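# Coordinate analysis (summary)
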Amino acid sequence: MPDVDAGRVARMVRCLPSGPGVYRFRDATGTVLYIGRATRLRQRVSSYWGDLGDRAHLTRMVGTVARIEAVCCASVHEAAWLERNLLEERIPRWNRTAGGQETPVCIRLDGRADTPGLALVHLPAISGQLFGPYLGGVKVRQALAALHRVLPLAYTGARLRGAERDMARARGIGSGDRDRLAATLGSVLRRDSVAVAALTEQLRDRRDQATATLAFESAARIQGELTGLEWITCTQRATVLERTDLTVHGWADGLLVSFTMRAGRLCHWEQRRCSRTAAQPRLAATPADWVDFAQRNAVLAAELVTAAGSG
């Protein structure tokens, strides 16, 4: 099978956005060779035609890539979930594992008087409000530390002991603050922009105060918590707790791009030639809050097909 020429690769790479997403390589027969995710799509994909380093085993695959396809995601977290879901559906020849190595977890918010607080849990969880799911236990634990640092719901319980009572007293927190803290935590975990911004600002202030007093370890710890908080509050719709089933469509320049969610996981992505007239019923059925995602990725798909010089 002939190698793809450098000019075609360069044209396709130039079409890719610089932000996060998922990419897919196909050979000349249309067979999917590899699926991956990237923090910076253009940079990551172009690296396959440079020094592969610890990915040397992919050299043979790169020589057979005839088409690059990509999905632009709203966040690195969303890209991580989409890659995982696609690979759990089907593993292409050159992928080694079914998705990433991060552990799927949720956060449980418990506002009861006896057991208030937040906890990292694995599904199914029995009680409390659940938020997520999230990938990566380490990042989620950092986020929990950030939330407890500013909104210590656990210190409002009716059964505090010794050191816990002392900490609650030192923080000026009591049972009367329970509902307020639980409500604020719920807003943050639901990604309310105002609540997230307020919490982020408080954490940054504490980080900067720690730096100013040369408490560099504390500053580094809070910076890690900020990273964790961003991970759980960024836009991420590729996997949801609700067992939602839907298909969304976008169309551009004669190309219909479709994404299917099953049981709350966006797990199928395809594109095919289609007239505007034939695509219209599918476009009309796409939920309004998915239109921008689907249309943006249809435009990207059409640009990549044009750059590849084939349909």
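Quick notes on the rules
Position numbers for residues count from 1 along each chain, tracking the sequence in the order it is written. Under the rules for a predicted model, residues below a pLDDT of 70 receive no local features and side-chain atom pairs below 80 are neither given nor counted, while totals for whole chains, interfaces and linings still include all residues. The basis for every side-chain value is the complete set of heavy atoms in the structure, and neither hydrogens nor water enter the calculation. Throughout, exposure labels follow a simple rule: accessible area from a 1.4 Å probe, protein chains only, divided by the maximum for the residue type, with under 20% read as buried, over 50% as exposed, and the rest as partly exposed. The way it works is that DSSP assigns letters per residue, a run of H or I at least four long becomes a helix, a run of E at least two long becomes a strand, and they are numbered from the N terminus. Pairing between strands requires that DSSP locate at least two bridges from one strand to the other. Between N-to-C directions, angles cover 0 to 180 degrees, with each direction set by a line fitted to C-alpha atoms, over the stretch in contact for helices. Residues are treated as being in contact if the distance between any of their heavy atoms lies within 4.5 Å.

## What about the pairing of strand E8 (residues 255-262)?
A large share of E8 lies buried, amounting to seven of its eight residues. By the bridge criterion, seven bridges tie strand E7 (residues 246-252) to E8 in an arrangement that is antiparallel. Across the sheet, residue Trp251 finds its bridge partner in E8, namely Leu256. If you look at the hairpin formed by E7 and E8, you'll find two residues sitting between the two strands, and Asp253 has a positive phi there, around 50 degrees.

## Considerations on the sheet that holds strand E3 (residues 67-72)
Two modes of strand pairing occur in sheets, parallel and antiparallel, and in both the strands are linked by backbone hydrogen bonds. If you trace the three strands from one edge of the open sheet to the other, you get E2-E1-E3, paired in antiparallel fashion. The sheet is open, and its two edges are formed by strand E2 (32-38) and E3, each paired on a single side. Ignoring strand direction, the axes of neighbouring strands in this sheet form an average angle of 15 degrees. Pairing analysis gives six bridges linking strand E1 (residues 21-26) to E3, with the strands arranged antiparallel. In the strand pairing of E3, Phe25 is matched with Ile68. Strands E1, E2 and E3 of the sheet are contacted by helix H4 (residues 76-89), whose axis makes an angle of about 155 degrees with E2.

## As for the environment of Leu203
Turning to its location among the elements, Leu203 is positioned in helix H8 (residues 193-212). Among the residues examined, Leu203 registers a relative accessible area of 0% and is labelled buried. Excluding its chain neighbours within four sequence positions, the residues that come into contact with Leu203 are Ala146, Arg149, Val150, Ile222, Glu225, Leu226 and Leu229.

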